[in-house]
Amino acid sequence: MDWSQIIQNTILAALGVDAIYFAIAALGLNVQFGYTGLVNFGQAAFMACGSYGLGMTAQYFGIGLWWGIPLGIVFVIILALIVGIPTLRLRADYLAIVTIAVAEIVRLFVRSVKFNYMFGGTEGISNFSRDYRELNPFDPGATYGFGPFTFSGYTLITVLVGWVLVGVFALFVWQLMRSPWGRVIKGIREDEDAVRSLGKNVYFYKLQSLILGGIIGMFAGMVLSLDRGSVQPDNYSRDVTFYILTALVLGGLAKVAGSVVGAMLFWVIFVFSDNVLREITRTGPLRIGDFTIIQSTQVGAVNYMFVGLGLMLLMTYRPQGLFGNKTEMALDGR
Amino acid sequence: MLGLRFKFRAVALKTLLFVSTGLIVIGFAPSGVSGATGDEFSIIASVQNQTLVDGSTSRTPVEGVTINVLKADGTPIGEAVTGKDGLCTISVPSRDDYVIELNLSTLPDGLTLIDAEKQKVAVNRDLFTTNTKRVTFFTGESANAGASASERILQRLSDGIRLGLIIAMCSVGLSLVFGTTGLTNFAHGEMVTFGGLVAFYFNVILEIPILISGPVVILMGGLFGLLLNWGIFARLTKRGVTLLSQLVVTVGLSLMLRNIYLFQFGGRTKQLSSYSKQVNLEIGPIGITPRDLTTAILGVIILVSVALFLQRSRLGKAIRAVSDNVQLASATGIDTRKVIKIVWFAGGALAATGGIFRGLDEQVSFSMGSDLLFLMFAGITLGGLGSAFGALIGGFFIGIFVEMSSLYFPSELKVAPALFILIVMLVVRPQGLLGKSQRVG
């Protein structure tokens, strides 16, 4: 077993694009779920808004790549209004139901044959990111870095831009939650009626929080699609939101550092387990006698099984995650 | 002493998770159904003739069609001719980008591709989620041949009734668990899948006919529900874990179970063997197979008996009382914990029944239940969250609505209108059709 390669992959996973877009998406989800108590199970759809905002500039509108950002924001606001207006006056689980449904429908729409001309169907959209590639000061073919931290020039630009974005959003969320707006938001999570009795319009604050978290999540989708150079509908399946949720709970809800460290740690554990299992099954299925324990095609399923188990155990035994504060994290179903 | 007890619970919970995992693993293990054969990659092409007169569910395999597989740059890799089952397998050297092409001149006379653009299908390397990638070509006679508008509507209605019965059956448990415990169970879809997959195991691997194995599967589904309650949710409630946290736990459970199914069953959809090949009975303008007719009649019988049970029997009354108001019910001497157990059992059994029916109606796959989850939620929101009758009526209606809407929407988007119902309902009458007018916010 090639341990040095596994360890290198594992270390790199903490800094790679996957950790970056998870961190950004988790920061957005944290604003909604951690701070406001809004159960958004459709963060993947908000990410798709960003990706398709970028992709559609080339596929449908034929305008410059950077128009993708305002376009994505418009998509996010529309989506947030669709899921928010009917549900934010109701109990928390209604939002969960509607967001999960909307996310699924968004995915069906963007991969449909009917709207192929807009969203590119199941193949998605590529050839949209040239403007971004031209900004890359690094040689896409060369490798940069030292020790285990090496990236190709192609990836390095996204890694740098991505971590700057993570830093900006982390600082932004941190400052925001210390502001009067943030105090109202946290108040809503703790006791909606108390905040209402202070004359605050709880409904609008929730809607603002949903949109804000969605816009942050949108950037996660953008980072992902810029790095991949393509927009793929299946990158935004329902389960992606759950993985991000797991990363968030792992780091700690309602903590800025929790989102970032949670995302890094999620990928470190995931890549380690994935690499080890793939290495074990590379030469053939692992067997005891005639009983096959695991074969290479099953590695993915085992990894995600552990993600689900991890989410259950975390919610049961350590809902505050690594950084959270247990007294602050008494999620109440209202 | 207290600490010890705590520790015992922790251990018990963990053991249970492993036991339940193990149960499923053992349940499927000897079968080796995961379908993968080492590190060989292959493309399975399927040519199906879709007869629109009988609705989109009626597909027949097309034999003798030549399929070519090319590399993305045009180098040919291989070709094969479809067999009796309309399938052919072409092995490919690696996980890579390919183009799969159907040779139009080899199609039987009178058949054309429904979507002419789909003569070539590009397969991206990322689409190889398992070692095989399945590509389906749909042919048809010229569109809508011979079907008048009213015939198509009736056909859709017949399909819709069957889907509605399945959704209604599956959602009763979801709604009752919510009513009695307040828990929104996002893992309910996995309870449906459980029924479908265990039925597959009995029916295809052990070759026991569905009529005999069905009741056993349903019983197992009920026990599975009980196990989830006993092993996880009853304990979480006792620990004082809030309902919102429990909701997140159900999400984790759904993820875990779905991947256990994927691990054991593989990513492909498979057919239950009993009654899979049947000729349509023509009842007036509607084509329906005897199998579908039987499941529809059985479905009606089951749902009516559920309704009668809830309406007439003492236990049913107790369930509705707890669902209405837990405190009041327990003050009148109803053992609420026992009722909750019964609800989990009945909900699991009904979900498993729905899974079997769905498996007979369509096919069995590891995500068959979670794909229905959103329709179940739409159904119980329409009928009223927490109300059993609401779930029956709402689910039934949603099924019909979804199938009918495919008259106007492309069938890939036919579930979208259900979302519309869900949202409109939440704006207009969030308590649902049968819910009590009370504050839900």
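Position labels on residues start from 1 in each chain and follow its written sequence. To label them, take the chains in the order written and letter them from A, then take the ligands in the order written and number them from 1. Reporting of local features is limited, given that this is a predicted model, to residues whose pLDDT is at least 70; pairs of side-chain atoms are given and counted only at 80 or more, and all residues count toward the totals for whole chains, interfaces and linings.

Trainee: Could you give me a rundown of the overall build of chain B, with the residues and numbers involved?
Mentor: Strands are runs of DSSP state E lasting at least 2 residues, helices are runs of H or I lasting at least 4, and numbering of each runs from the N terminus. Along chain B, the regular secondary structure elements total 12 helices and 11 strands. For chain B, the proportion of its 441 residues judged to be buried stands at 46%. Pairs at least 24 residues apart make up 74% of the contacts formed inside chain B by residues separated by at least 6 positions. In this scheme the burial state of a residue depends on its C-beta neighbours within 10 Å: 20 or more other such atoms mean buried, 12 or fewer mean exposed, and anything in between means partly exposed; the C-beta positions come from the backbone. Residues are scored as being in contact if the C-beta atoms we place from backbone atoms lie within 7 Å.

Trainee: I'd like to hear about unusual backbone geometry, residue by residue, with values.
Mentor: Peptide bonds are trans in most cases, and residues, glycine excluded, mostly fall at negative phi. Residue and element names in this part refer to chain A. The phi torsion at Asn127 lies on the positive side, around 60 degrees, for a residue other than glycine. Here Asn127 shows up in the loop between β1 (125–126) and α7 (130–134). For Asn127, a count of 10 C-beta atoms within 10 Å puts it in the exposed group.

Trainee: An account of the environment of Met218 of chain A is needed here, citing residue identities and associated values.
Mentor: All names here are of chain A. Here Met218 is to be found in helix α11 (residues 202–228). Along the sequence, Met218 and Ile7 sit 211 residues apart, while their C-alpha atoms lie 31 Å from each other. Ignoring any residue separated from it by four or fewer positions in sequence, one finds Met218 in contact with Phe46, Met47, Cys49, Gly50, Gly72, Ile73 and Val76.

Trainee: Now, about the packing of helix α8 (residues 153–178) of chain A against α11 of chain A: what can you tell me, with residues and values included?
Mentor: Residue and element names in this part refer to chain A. Orientation of α8 relative to α11, taken along the N-to-C sense of each, is 170 degrees, at an axis distance of 10 Å. Judged on the interaxial angle alone, α11 and α8 are roughly antiparallel. Residues Thr155, Thr158, Gly162, Leu165 and Phe169 of α8 form the contact with α11, whose own contacting residues are Ile216, Phe219, Val223, Leu226 and Asp227. Polar here means any residue outside two lists: the nonpolar Ala, Val, Leu, Ile, Met, Phe, Trp, Tyr, Cys and Pro, and the charged Asp, Glu, Lys and Arg; Gly therefore counts as polar. Per-class residue counts for the contact of α8 with α11 are 6 nonpolar, 3 polar and 1 charged. Every axis in this analysis is a line fitted to C-alpha atoms, fitted for helices over the stretch in contact. Angles between the N-to-C directions lie between 0 and 180 degrees. By definition in this entry, angles of less than 35 degrees are roughly parallel, angles greater than 145 are roughly antiparallel, angles of 65 to 115 are roughly perpendicular, and the rest are oblique.

Trainee: Account for the interface of chain A and chain B, with residues named and values stated.
Mentor: At the interface, 46 residues of chain A touch 43 residues of chain B. Of all elements in the fold, only α4 (68–87), α5 (92–110), α12 (238–251) and α14 (299–317) of chain A reach the threshold of two or more residues within the side of chain A that touches chain B. No other element matches α5 of chain A, which puts 13 residues into the side of chain A that touches chain B. When its residues are assigned to classes, the side of chain A that touches chain B shows 29 nonpolar, 9 polar and 8 charged.

Trainee: How would you summarise the sheet that holds strand β4 (residues 76–81) of chain B if you had to cite specific residues and measurements?
Mentor: Residues and elements named next belong to chain B. The pairing criterion for strands is at least two bridges between them, as found by DSSP. An order of β4-β3-β6-β8 is seen for the 4 strands of this open sheet, with the pairing classed as antiparallel. Edge positions in the sheet fall to β4 and β8 (120–123), since each has one partner strand and no second. The mean angle between the axes of side-by-side strands here comes to 20 degrees, regardless of whether they run parallel or antiparallel. Here 5 bridges tie strand β3 (residues 66–71) to strand β6 (residues 98–102), and the two strands are oriented antiparallel to one another. Considered in β6, the bridge of Asn68 is made with Glu101.

Trainee: An account of the nonpolar core is requested, with residue identities and associated values reported.
Mentor: Counting residues in each nonpolar core, the largest one holds 206 residues, and the members touching the most others are Phe22 and Ile24 of chain A. Counting residues per element, this core draws most heavily on helix α5 (residues 243–265) of chain B, which supplies 15 residues. If sequence neighbours within four positions are ignored, Ile24 of chain A has contacts with Leu165, Val166, Phe169, Ile216, Phe219, Ala220 and Val223 of chain A. Grouped together as the second largest cluster of nonpolar side chains are 16 residues, Val69, Tyr98, Val121 and Phe137 of chain B included. One nonpolar core equals one set of buried Ala, Val, Leu, Ile, Met, Phe, Trp, Tyr and Cys residues connected by C-beta atoms within 7 Å.

Trainee: Talk me through the pairing of strand β2 (residues 143–146) of chain A; I want residue IDs and the actual numbers.
Mentor: Regular strands have side chains that alternate between both faces of the sheet. Residues and elements named next belong to chain A. The pairing of β2 with strand β3 (residues 149–152) spans 4 bridges and is classified as antiparallel. For Phe146, the partnering residue across the bridge sits in β3 and is Phe149. Hairpin connection from β2 to β3: 2 residues lie between these consecutive antiparallel strands, with Gly147 at a positive phi of about 50 degrees.

Purely geometric stuff here, so don't read any function into it on its own.
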